[in-house]
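Notes for the structure review
Each chain, written out:
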Amino acid sequence: MAQPEAMRSPVQIPELGKAQTKYLVVTGGTISGLGKGTAISSLGVVLRSHGLRVTAIKVDPYLNIDAGTMSPFEHGEVFVLDDGGEADLDLGNYERFLDLTLTSNHSMTSGKIYDQVIKRERTGHYLGKTVQMVPHVTDAIQDWIKDTSKISVDQSGLPPHVCLVELGGTVGDIESAVYLEALQQFQFRVGKSNFLLAHLGMLPVIGATGEQKTKPCQHSVKTLREAGLKPDILMCRSEQPVGLETRKKLSLFCQVPEDSVISLHDVSNLYRVPLLLSEQNVGMLICQHFGFPLTGSASPTIKLPEDALLTEIHASRLGDWAVVPNRMDECREEVVIAVVGKYTGNVDAYISVVKALQHASLEAGLRLRLEWVESSELEPNAERCEPKRFESAWAALKSADGVLVPGGFGNRGIEGKIMTANHCRNSRVPYLGICVGFQTAVIEFARNELGWEGANSTEFDELTPHPVVVFLPESSTSVMGGTMRLGSRATIIKDTNSLTHQIYGKRPVIYERHRHRYEVNASCVPAFEAGGLRFTGQDDRAQRMELCELSGHPFFVACQFHPEFKSRPSQPAPLFLSLVLASKGLLESRLKLDGGSLKAGAGFTRPI
């Protein structure tokens, strides 16, 4: 029986070098979309509360090298990393929950593994051997995990204690078979005490009796065991808490101790999942398995201003983290943001944008309501073909407190985004444009304010008489994957009297992540600035436009970069926070309250 936390005495976690890296692998069964990403991120939060440094690797069994060429409709958002890696959206979950800065190596795909093995074969690395799935591919998988687990991903500069590994897809998929074999070998390689397997299963409720059915979970565990792996922890995804009888049944049939059968039932918001795991002593179970000392003291898990934490909250395990879900549940005043995009049929295509808006609303003490507007439905053609959709789209846009136009590729729906910028500029509605939303704001201003009829981007019209947005000279027109301007790059905020200078805390240099092939035509900038559209941020060579704002407007700001990728629950992206505040008419007073420049996170010190 585990000791209650109050009885534990604090013991310092040994540094690596004296202790081997531990590996916590999460698999999923029955169906996709159970929430492995949220589960593994939440496990990381719990482990951080025990003083452990963590890292995370996502294994995607698809043959693509990375997610960069995948359709947002099919796969959701492409998450961009600091080093320019284009990765699965789950890496965004890891970074947001755990405040990590991951690398391209933390996204493993079958495409990368097979590419590495084939290149090695071509260079004679295998010394004439017949190259096979076992041992050559399985060895490459294990080596990748081993090497990546040592990379420091937080501000400590030290290697992680625990590496979290999420195996994408579901157990039993053909694509996953080689990874299960590799993980079985890896368990033997690193030792059972350094390897823990957590399996996420589904417990549906069928019929009027309300009985939780265990068969789907049993069968996925059976499939896992056939591959030579046995779960140490069984996490059960369900609508209601897992009952005692259900827990006993799963323990018996899946051969997992009762206290290792964990209920992952529905909660009011995702930020409650770490608390749910901690209540069931998951952190203690993992520490015991890995041989980490059970410390009585709680370590911080999230960056919050000291004023936001009461002493008793600060001292309790996950007390700091609980501030976030509690505040989210307490927010009552609503802010309505219209997101005008072209992939609105799949909300996952904008998952980082949604999370950044949630973070900003939470800090501001507001409850977020999103209005999804398909940009093509704002266009004149939609009025002729689908008048009801047209009217509904414009009604949603006009009723919103603020408007956000996120990134995208291709010409479908572009005129709708241009019309959105025009509506916000003329109606003085707060507007934030990101990437293509930056470019469409520039196109709109050129057409309607400067009088440049036919102004456009060469992406949408190669023969435009006024190419105000042009192709990046270093990009490729034939190779699609990995050829954009990608990753973290410096932006110099040259105008110290600008709103964006205040928004970014009066910092002269900021670093944000990019993903684009087109840029504002620098030769047009003097005409724009003479007309009142100021380019307040440029790249470090003063050649590329990064930020613009409209003079005389309450909040009309756009950026070439993607600020959503660096937003955190307690440290919202400044541009998103400013949009939310401006949408409720609070930005000016907040800037005064913060001393003349925005302090993201300071809102947590103030009552809702």
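Figured I'd write up the structure that's included with this text.

What counts and how
Residues numbered from 1 in each chain as written. Predicted model: local features only at pLDDT ≥ 70, side-chain atom pairs only at ≥ 80, totals over all residues. Heavy atoms only, no water. 1 Å grid on protein atoms, 1.4 Å probe; cavity = no way out; pocket = protein on both sides within 12 Å on 5 of 7 lines; lining within 4 Å. Points joined across faces, edges and corners; volume = space filled by probe spheres on them. Nonpolar A, V, L, I, M, F, W, Y, C, P; charged D, E, K, R; others polar. Pairing = 2+ DSSP bridges. Helix = DSSP H or I, 4+ residues; strand = E, 2+ residues; numbered from the N terminus. Axes fitted to C-alpha atoms, helices over the stretch in contact; angles between N-to-C directions. Contact = heavy atoms within 4.5 Å. Buried < 20%, exposed > 50% of the residue type's maximum accessible area, 1.4 Å probe, protein only. Right-handed = clockwise from strand over helix to strand, strands pointing away. Core = buried A, V, L, I, M, F, W, Y, C linked by side-chain atoms within 4.5 Å.

The subject of this paragraph is empty space enclosed by the protein. Throughout the structure, instances matching the rule amount to four cavities of 30 Å³ or more. If you add up the space inside the largest cavity, you get close to 80 Å³. Around the largest cavity, the lining residues are Gly 408, Phe 409, Cys 435, Val 436, Gln 439, Glu 459, His 516, Arg 517 and Tyr 518. Residues belonging to the lining of the largest cavity are distributed by class as follows: four nonpolar, three polar and two charged.

What follows concerns the sheet that holds strand β1 (residues 22–28). Strand order in this open sheet of seven strands is β5-β2-β6-β1-β7-β8-β9, and the pairing throughout is parallel. Looking at the sheet topology across the chains shown, the edges are occupied by β5 (107–109) and β9 (261–265). In this sheet, adjacent strand axes meet at a mean angle of 20° when their direction is disregarded. The strands that helix α6 (residues 177–190) touches are β1, β2 (54–60), β5, β6 (162–167) and β7 (195–202); relative to β7, the one it contacts most, it runs at about 145°. Against the sheet, helix α10 (residues 282–290) contacts β1, β6, β7, β8 (233–238) and β9, and its axis sits at roughly 145° relative to β7.

This brings us to the layout of surface pockets. Here the largest pocket defines a volume of roughly 1400 Å³. Together, 50 residues line the largest pocket, and Gly 35, Thr 38, Leu 89, Asn 93 and Asp 348 are the ones closest to its centre. For the lining of the largest pocket, the secondary structure elements donating two or more residues are α1 (36–49), β2, α2 (72–75), α3 (90–98), β9, α12 (319–330), α13 (351–364) and β11 (367–374). The greatest single-element share of the lining of the largest pocket, amounting to five residues, is contributed by α13. When grouped by side-chain class, the residues that make up the lining of the largest pocket number 17 nonpolar, 18 polar and 15 charged. Estimates place the volume of the second largest pocket at around 1000 Å³. Along its surface, the second largest pocket is lined by 40 residues, and Asp 99, Gln 155, Lys 303, Arg 568 and Gln 571 are the ones closest to its centre. For the lining of the second largest pocket, the secondary-structure elements that each account for two or more residues are α3 and β17 (509–516). If one sorts the elements of the lining of the second largest pocket by residue count, β17 sits on top with four residues. A class-by-class count of the residues in the lining of the second largest pocket yields 20 nonpolar, eight polar and twelve charged.

Let us now look at the sheet that holds strand β18 (residues 518–520). Within the open sheet, the three strands sit side by side as β14-β15-β18. Their pairing is mixed. With one partner strand each, in any of the chains shown, β14 (456–457) and β18 form the two edges of the open sheet. Note that β14 and strand β15 (residues 467–471) share two bridges and pair parallel. Considered in β15, the bridge of Asn 456 is made with Pro 467. Against the sheet, helix α17 (residues 436–448) makes contact with β14, β15 and β18, and its axis sits at roughly 150° relative to β15, the strand it touches most.

On to the pairing of β8. The element β8 is largely enclosed, with a buried count of five among its six residues. Inspection of the sheet shows β7 paired to β8 by five bridges, in the parallel sense. Note that in β8 the partner of Met 202 across the bridge is Arg 237. Handedness of the crossover joining β7 and β8 through helix α7 (residues 215–226): right-handed. Relative to β9, β8 runs parallel, the two being bridged by five bridges. Note that in β9 the partner of Arg 237 across the bridge is Leu 264.

On to the nonpolar core, then. Ranked by size, the top nonpolar core spans 58 residues in total, and within it Leu 24, Val 162, Leu 164, Met 235, Leu 277 and Ile 286 carry the most contacts. Non-local contacts of Leu 277, meaning those with residues more than four positions away in its chain, are made with Ala 39, Ser 42, Leu 43, Val 46, Met 235, Ile 262, Leu 264 and Val 282. Counting residues in hydrophobic clusters, the runner-up holds 44 residues, among them Tyr 431, Ile 443, Ala 455 and Tyr 518.

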